[in-house]
Amino acid sequence: MTDSTKATSKDIEIERVEGGVGVIFLSRPDQKNMIRTETLEALAQALDELNADRDVRAIVLAGRGAHFCAGADLQFLTETRKLPPLLIQDLVYGKAQEAAKRLYNARKPTVAAVSGAAITLGCELSLCCDFRVVSDTAFFQELWVRVGLLPPLGGLFLLPRIVGLGRAAEIALKGRRVDAVEALDWGLANELVAGEGYLGRAIALARELGELPPQGYRLAKLGLHRGLESTIDHEWTANALAQPMLITSEDFREGLASVMERRPGRYQGR
């Protein structure tokens, strides 16, 4: 299944697998894939690389070992406390938000493959993906409030829109742990796969999404994101501008031909 493996740092590995899927692994399994500054820098670099690679049609974010990501590295947090506020903003959360923005705004489909802990930074990075496929060991938890902090990577914006305000309050304001079955029921997870099959299913889903017309997917995704902050009138206008570009694209012509000829489409993103 694996075409190539590349380590961008000690913290991040990239695997390119058949079917045009790039898998980014958080690769500190002995530390439950806890995140430090180097992790954030390497994650942003990996996302830039895969977004620029025309052979990669979709991206999966996963963790090596039993856990997706158990939050921030404790030494990293201890060192962060010693910095002045503006330096924390620029060096720490600037890097963290840059990684989250790259994931959320990726031009390609993104899928989080979650097992074990998805805590604080791990929870929020998973929320930035288009879809979340989880194992039966997975759980999500925003523990920020219990140590006097708040979710800084978009969780306060995304959670109410994914699970509703009441459930978002349970997660963000109480630090409630949401296990796999409940996450599926709440819409926090899109699919639940028992055992070790979750990663294979996440890759298969990414491959399915990558086979869709790239331009149509990208603009539909942009529309969904924009709609979280927009009005329906604005969306009618924006979508009326986008649709003619899609209708005149080679991908749409191929899509029509594939339906008429009853065969899979072969999309080139043009």
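Thresholds applied
- Residues numbered from 1 in each chain as written.
- Predicted model: local features only at pLDDT ≥ 70, side-chain atom pairs only at ≥ 80, totals over all residues.
- Heavy atoms only, no water.
- Buried < 20%, exposed > 50% of the residue type's maximum accessible area, 1.4 Å probe, protein only.
- Helix = DSSP H or I, 4+ residues; strand = E, 2+ residues; numbered from the N terminus.
- Pairing = 2+ DSSP bridges.
- Polar contact = N/O pair within 3.5 Å; in protein donor to acceptor, adjacent residues only side chain to side chain.
- Contact = heavy atoms within 4.5 Å.
- Core = buried A, V, L, I, M, F, W, Y, C linked by side-chain atoms within 4.5 Å.
- Salt bridge = Lys/Arg side-chain N within 4 Å of Asp/Glu carboxyl O.
- Phe/Tyr/Trp six-rings, centres within 6.5 Å; stacked < 30°, edge-to-face > 60°.
- Lys NZ or Arg CZ within 6 Å of the ring centre and 35° of its normal.
- Axes fitted to C-alpha atoms, helices over the stretch in contact; angles between N-to-C directions.
- Parallel < 35°, antiparallel > 145°, perpendicular 65-115°, else oblique.
- Left-handed = near helix turned anticlockwise from the far one by under 90°.
- Nonpolar A, V, L, I, M, F, W, Y, C, P; charged D, E, K, R; others polar.

Engineer: Even after reading the chapter, I still don't get the pairing of strand β4 (residues 58-63), so can you show me in this structure?
Structural biologist: Each regular strand shows side chains that alternate between the opposite faces of the sheet. With respect to burial, β4 is a largely interior element, six of its six residues being buried. Two elements, strand β3 (residues 21-26) and β4, share six bridges in a ladder whose sense is parallel. If you follow Val-23 over to β4, its bridge partner there is Val-60.

Engineer: Explanation requested: the side chain of Glu-15 in the structure shown.
Structural biologist: Following the sequence through the fold, Glu-15 ends up in strand β2 (residues 12-17). Here the side chain of Glu-15 touches Arg-64 through a polar contact of 2.9 Å, side chain to side chain.

Engineer: Teacher, can you tell me more about the side chain of Glu-124 here?
Structural biologist: Relative to the elements of secondary structure, Glu-124 occurs in helix α4 (residues 121-127). Among all residues touching Glu-124, those that are not within four sequence positions of it are Glu-142, Trp-144, Pro-151, Pro-152, Leu-153, Gly-154 and Gly-155.

Engineer: I keep staring at the nonpolar core and nothing clicks. Help me out?
Structural biologist: Nonpolar side chains in soluble globular proteins tend to be buried together. The biggest cluster of nonpolar side chains holds 48 residues, and the ones touching the most others in it are Ile-24, Leu-43, Leu-61, Val-114, Phe-140 and Leu-188. In terms of residues, this core owes the most to one element, helix α1 (residues 37-52), which gives six residues. Among residues more than four places away in sequence, those in contact with Leu-61 are Ile-24, Leu-43, Phe-68, Leu-103, Val-111, Ala-112, Ala-113, Leu-125 and Cys-129. Val-17, Val-60, Val-133 and Ala-206 belong to the second-largest nonpolar core, a separate cluster that totals 18 residues.

Engineer: Would you mind going over the sheet that holds strand β8 (residues 139-141) with me for this structure?
Structural biologist: Working definition: the strands of a sheet are paired by backbone hydrogen bonds and lie parallel or antiparallel to each other. An order of β6-β8-β9 is seen for the three strands of this open sheet, with the pairing classed as mixed. The outermost strands of the open sheet, each flanked by one partner alone, are β6 (117-119) and β9 (178-179). Relative to β9, β8 is paired through two bridges, and the arrangement is antiparallel. When the sheet's bridge partners are listed, Phe-139 is paired in β9 with Asp-179.

Engineer: Even after reading the chapter, I still don't get the pairing of strand β7 (residues 131-135), so can you show me in this structure?
Structural biologist: Most of β7 sits out of view: four of its five residues are buried. Two elements, strand β5 (residues 110-114) and β7, share four bridges in a ladder whose sense is parallel. Each bridged residue has a counterpart across the sheet, and for Ala-113 the counterpart in β7 is Val-133. The sheet contact formed by β7 and strand β10 (residues 191-193) spans three bridges and is parallel. Counterpart to Val-134 in the pairing with β10 is Leu-192.

Engineer: For this particular structure, what's the right way to read the pattern of salt bridges?
Structural biologist: Note on pairing: side chains with opposite charge can pair once their charged atoms come close. In this structure the tally under the stated criterion is 18 salt bridges. Between Arg-64 and Glu-13 there is a salt bridge, with its nearest N and O atoms 2.7 Å apart. Of the two residues, Arg-64 sits in the loop between β4 and α2 (74-81) while Glu-13 sits in strand β2, which places them 51 residues apart along the sequence. Among the ionic pairs, Arg-16 bridges to Asp-53, the shortest N-O distance being 3.0 Å. Pair noted here: Arg-16 is in strand β2 and Asp-53 is in the loop between α1 and β4, with a separation of 37 residues, a long-range link. In this structure, Arg-16 and Asp-53 share a single accessibility class: buried. Sharing partners across several salt bridges, the network here consists of Asp-48, Glu-98, Lys-101 and Arg-102.

Engineer: In this structure, what is going on with the packing of aromatic side chains? I would like to understand it.
Structural biologist: How two aromatic rings sit relative to each other is set out by the distance from centre to centre and by the angle between their planes. The full count for this structure, using the stated rule, is zero aromatic pairs. When the ring centre of Phe-157 is taken as origin, the NZ or CZ atom of Arg-161, which lies over that ring, is 3.7 Å away. Seen from the ring of Phe-139, Arg-177 lies directly overhead, with NZ or CZ sitting 3.7 Å from the centre.

Engineer: When you look at the environment of Glu-254 in this model, what are you seeing that I'm missing?
Structural biologist: By the secondary structure assignment, Glu-254 is in helix α11 (residues 250-260). In the structure, Glu-254 is positioned 14 residues away from Gln-268 in sequence and 9.3 Å away in space, judged by C-alpha atoms. For Glu-254, the contacting residues outside a window of four places in its chain are Arg-263, Pro-264, Gly-265, Arg-266 and Tyr-267.

Engineer: Would you take a moment to explain the packing of helix α5 (residues 155-163) against helix α6 (residues 165-174) for this structure?
Structural biologist: Each pair of packed helices gets described by two things: the angle between the helix axes and the distance between those axes. At a minimum axis distance of 7 Å, the contact between α5 and α6 shows a crossing angle of 135 degrees. For the element pair α5 / α6, the angle class is oblique. Remark: the crossing between α5 and α6 carries right-handed chirality. Taken together, the residues of α6 that come into contact with α5 (itself represented by Leu-156, Leu-159, Pro-160 and Val-163) are Leu-165, Arg-167, Ala-168, Ile-171 and Ala-172. Its residues placed into classes, the contact of α5 with α6 shows eight nonpolar, no polar and one charged.

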